[in-house]
Amino acid sequence: MISDLHAFAVIAVISVVTIALRVAPFFVLGKPDSDGQVNGYLRYIGEKMPTGVMVLLVAYTIKDLNVTVYPYGLPTLVSLVVAAVLYWKTDNSLLSIGGGVALYMTLVNGVV
């Protein structure tokens, strides 16, 4: 069993590293220009990263989906389509993700 001091030290180190990683981009990339513009690389990352992250999350979600066994992946696929349509119609990420997750949980726990 670890001592209280050891547990506190581990939590302190993890906290410092987490805070440092959150603050590091501000020091590395610098402050915005006087007119509030950020450099081109940061603007490019800000535009492309959300789409890339969502594509990776969707790919990770469906990579092990087995469509040959009941329920044939229907809860996942139906929820994915509903989330995509919600985002397409409303352009609201929070609504589409929340709606997709709520539908998936309902289908998995209540219907299928």
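Above: the structure in question.
First things first, this report covers the structure right here in the doc. (Residues numbered from 1 in each chain as written. Predicted model: local features only at pLDDT ≥ 70, side-chain atom pairs only at ≥ 80, totals over all residues. Heavy atoms only, no water.)

A few words on the packing of aromatic side chains. Applying the stated criterion across every chain, the model contains one aromatic pair. Their ring planes at 85 degrees and their centres at 6.1 Å tell us that Tyr70 and Tyr72 sit as a pair that is edge-to-face. (Phe/Tyr/Trp six-rings, centres within 6.5 Å; stacked < 30°, edge-to-face > 60°.)

Once that is clear, we can look at the layout of surface pockets. A volume near 690 Å³ is recorded for the largest pocket. Lining of the largest pocket is provided by 20 residues; of these, Met54, Val58, Leu80, Ala83 and Ile97 occupy positions nearest its centre. Counting only elements with at least two residues in the lining of the largest pocket, the list comes to α2 (40-62), α3 (74-90) and α4 (93-111). For the lining of the largest pocket, a count of residues per class yields 13 nonpolar, seven polar and no charged. (1 Å grid on protein atoms, 1.4 Å probe; cavity = no way out; pocket = protein on both sides within 12 Å on 5 of 7 lines; lining within 4 Å. Points joined across faces, edges and corners; volume = space filled by probe spheres on them. Helix = DSSP H or I, 4+ residues; strand = E, 2+ residues; numbered from the N terminus. Nonpolar A, V, L, I, M, F, W, Y, C, P; charged D, E, K, R; others polar.)

Right, let's get into α4. For α4, which comprises 19 residues, the first-to-last C-alpha distance of 26 Å matches the rise-based estimate of 27 Å (1.5 Å per residue) to within 8%. When we look at burial in α4, the residues that qualify are Ser96, Gly100 and Leu107. Down the axis, α4 shows its buried residues gathered within 35 degrees of arc, on one side only. Exposed side of α4, more than 90 degrees from the buried face: Leu94, Asn109 and Gly110 are the residues found there. As for α4, its buried residues are in contact with α3. (Expected span 1.5 Å × (residues − 1). Buried < 20%, exposed > 50% of the residue type's maximum accessible area, 1.4 Å probe, protein only. Arc of directions from axis to C-beta. Contact = heavy atoms within 4.5 Å.)

With that settled, the discussion passes to unusual backbone geometry. Backbone torsion omega between Tyr70 and Pro71 reads 5 degrees, so that peptide bond is classified as cis. You can see Pro71 is positioned in the loop between α2 and α3. For Tyr72, which is not a glycine, the phi torsion comes out positive at approximately 65 degrees. Relative to the elements of secondary structure, Tyr72 occurs in the loop between α2 and α3. Residue classification places Tyr72 among the partly exposed positions, given a relative accessible area of 45%.

Moving on, we get to α3. An α-helical segment advances 3.6 residues per turn. Residues three or four places apart therefore align on the same side. Under the 1.5 Å per step criterion, the end-to-end length of α3 is 24 Å for 17 residues, consistent within 8% with the ideal 24 Å. Taken together, the buried positions of α3 are occupied by Pro75, Thr76, Ser79 and Ala83. Buried residues of α3 fall within an arc of 95 degrees about the axis and therefore sit on the same side. Exposed positions of α3 whose direction lies more than 90 degrees from the buried face are Val81, Trp88 and Lys89.

On to a nonpolar patch on the surface, then. A cluster of nonpolar side chains, Met49, Val53, Met54, Leu57, Ile97, Val101, Tyr104, Met105 and Val108, forms an exposed patch at the surface whose accessible area comes to about 760 Å². If you list the elements that add at least two residues to the nonpolar patch, you get α2 and α4. Here the element with the most residues in the nonpolar patch is α4; it accounts for five residues. Looking at where Tyr104 falls in the secondary structure, it is placed in helix α4. (Patch = residues over 30% accessible without salt bridge, like charges linked within 9 Å, V, L, I, M, F, W, Y side chains within 5 Å. Areas by Shrake-Rupley, 256 points an atom, 1.4 Å probe, with all protein chains shown as cover. Salt bridge = Lys/Arg side-chain N within 4 Å of Asp/Glu carboxyl O.)

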